[in-house]
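# Structural overview
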Amino acid sequence: MGGIYFSDFVEKDNSNHIRRAAAFRNSADTLLGDSRMPLSHFSRFYGIELGRIKAGRLDQFDDSTTVLPVRNRDCGYISRFELERDPQSRGWTYIRNPFTILKERRIMKRELIPLVEQGEAPPECLKASWIRSQLPIVTYYPPATAVKVFAASGTVIDEPTVRDAENGKIFLADSLGNAVFINNLPAFSPDMLERLNRLLSAHPMGPVLIDNGRYRKFSLSGGNYADYTGQNLYRPDSCLFVVGSVRQAKAGYSRSQER
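In short, a report on the structure. For clarity, every value in this text was computed on a predicted model and none was experimentally measured. (Residues numbered from 1 in each chain as written. Predicted model: local features only at pLDDT ≥ 70, side-chain atom pairs only at ≥ 80, totals over all residues. Heavy atoms only, no water.)

## Re the packing of aromatic side chains
Note on aromatic pairs: each is described by the distance of the centres and the angle between the planes. Tallying each qualifying case throughout the model produces seven aromatic pairs. What links up through ring pairs into an aromatic cluster is the set Y5, F6, Y46, F171, F181, F218 and F241. Sitting over the ring of F150, R80 keeps its end group 3.8 Å from the ring centre. (Phe/Tyr/Trp six-rings, centres within 6.5 Å; stacked < 30°, edge-to-face > 60°. Lys NZ or Arg CZ within 6 Å of the ring centre and 35° of its normal.)

Put into structure tokens, the structure is as follows:
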């Protein structure tokens, strides 16, 4: 089964940041998204081409490929990560007030009912298990871990996109179709970190800023588009670009590509 991994940021009122590469190439300078970002500010783009997701200059994509601007500053490619953990720390568990959470779950269900009745949300979101997953009572936070980021040159760099998303989702890609999805990097085991670094050593990649806010959750298997978009109470397909897989070992899928 496939899974849902990440999405770009929602531009609800002006989703012109999702276009074919040819449309970007043949356009005069354009103001993109709800915040009217100048097209001239972006030097890199990302998209799914021939079943592989990649990030690079606009001229590195076919005309028909749907692409989006890479929002973060280009700090170069990453070739390795190192983790520095406090051996005395075991992390901590946060327990919320059960009565407050139960009340919030009831409110969430009440708000979802009209969306389901209007066909804007699937019936599955009214299940108790789905609502519990959105509003848990207990959350575990791992031990504090410092993440060191190494450039392709081998020097340590301060990469703000990685730094700000260390405990969330990180997406790295190059212009050749090599890409990797990472979640909660500080919690990686030594074996997982070694495998990641082997990949980055062979194919250094650059980070792409993705949504770690309302769309912070994901599924590696058994996930579906409706569950993923339900994290933000089901935005219209026209303003979404969601990346995941529809079959095992496939690179990506975006509902926005059907536009």
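## Considering helix 5 (residues 190-202)
With 13 residues, helix 5 ought to run about 18 Å at 1.5 Å a step, and its terminal C-alpha atoms sit 18 Å apart, in line with that. Where helix 5 is concerned, the buried positions are L193, L196, N197 and L200. Buried residues of helix 5 fall within an arc of 100 degrees about the axis and therefore sit on the same side. When the buried face of helix 5 is taken as reference, the exposed residues oriented beyond 90 degrees from it are R195 and A202. (Helix = DSSP H or I, 4+ residues; strand = E, 2+ residues; numbered from the N terminus. Expected span 1.5 Å × (residues − 1). Buried < 20%, exposed > 50% of the residue type's maximum accessible area, 1.4 Å probe, protein only. Arc of directions from axis to C-beta.)

## Concerning the sheet that holds strand 8 (residues 78-85)
Across a sheet, strands are paired by hydrogen bonds formed along the backbone, either parallel or antiparallel in direction. Taking strand neighbours across the sheet as the criterion, the three strands line up as 8-11-12 in an open arrangement whose pairing is antiparallel. A strand with exactly one partner marks an edge of an open sheet, and here the two such strands are strand 8 and strand 12 (156-157). Judged from the two bridges that link them, strand 11 (residues 145-151) and strand 12 form a sheet pairing that is antiparallel. In the strand pairing of strand 12, F150 is matched with V156. (Pairing = 2+ DSSP bridges.)

## Digging into the side chain of N14
Inspection of the secondary structure assignment puts N14 in the loop between strand 1 (4-7) and strand 2 (19-20). Here the side chain of N14 touches G33 through a polar contact of 3.0 Å, landing on its backbone oxygen. Leave out the neighbours within four places in its chain, and N14 touches L31, L32, G33, D34 and R36. (Polar contact = N/O pair within 3.5 Å; in protein donor to acceptor, adjacent residues only side chain to side chain. Contact = heavy atoms within 4.5 Å.)

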